[in-house]
Each structure stands twice: as structure tokens, then as C-alpha cells.
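Commentary on secondary and tertiary structure
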Amino acid sequence: MSLSDMTCPFCGSSGILPVIYGYAPFDILVRADRGEVILGGACVEPSQPHWKCSACGRFIYPEEGDGE
Ligand SMILES: [Zn+2]
């Protein structure tokens, strides 16, 4: 799934930002500073959201991989 095809399931905005986990290289830090990506922290857990909507601020979780 590419970002350009994504829209927010809550508000329909296409302003979806990827949430980056783990080690973030310098260019990612620069993009985060611009508000282009979200830094999710160093801990990587399966239940974490993969994207955040920049319009409504809600986190978006992948539909697949729901282990319930
Ligand atoms: Zn939204």
C-alpha cells in the first residue's frame, strides 16, 4: 500500500503521515522536524499504529495482522 493511495478512515483526508519506529536516520529526523513523518519511539511492538492522520490527528492501524 502506498501513501499516495491512502486516505484517513475517520475523516477521509489524504494527509497520512507514516509513523517510524526504531532507529531513525538523520534524514528521517529532518522530515520529522518538518512534520512529514511521526517518530514513534525506539520500541517496536505489534499493536502500534503505522500511520497518523495529519488532519484529525488520529492514529491508523493496519487491518491485517490483527492477532486476536
Ligand atoms: Zn483523519
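For clarity, every value in this text was computed on a predicted model and none was experimentally measured.

Looking at the pairing of strand β1 (residues 16-21)
Bridge analysis of β1 against strand β3 (residues 51-53) gives three bridges, and the strand direction is antiparallel. Bridge assignment links P18 to a residue of β3, and that residue is W51. Here three bridges tie β1 to strand β2 (residues 38-41), and the two strands are oriented parallel to one another. Following the sheet pairing, Y21 is matched in β2 by G41. With helix α1 (residues 26-34) bridging β1 and its parallel neighbour β2, the resulting β-α-β unit is right-handed.

Focus: α1
Each α-helix winds once per 3.6 residues, and so residues spaced three or four apart point in a common direction. By the criterion of burial, α1 is predominantly exposed, with just zero of the nine residues buried. Phi turns positive one or two residues past the end of α1, at G35, with a value near 80°.

Describing the environment of S14
Mapped onto the fold, S14 is located in the segment before β1. You can call S14 partly exposed: it has 13 C-beta atoms within 10 Å. Non-local contacts of S14, meaning those with residues more than four positions away in its chain, are made with M6 and T7.

Reading guide: rules and limits
Residues numbered from 1 in each chain as written. Predicted model: local features only at pLDDT ≥ 70, side-chain atom pairs only at ≥ 80, totals over all residues. Pairing = 2+ DSSP bridges. Helix = DSSP H or I, 4+ residues; strand = E, 2+ residues; numbered from the N terminus. Right-handed = clockwise from strand over helix to strand, strands pointing away. Buried ≥ 20, exposed ≤ 12 C-beta atoms within 10 Å, placed from the backbone. Contact = placed C-beta atoms within 7 Å.

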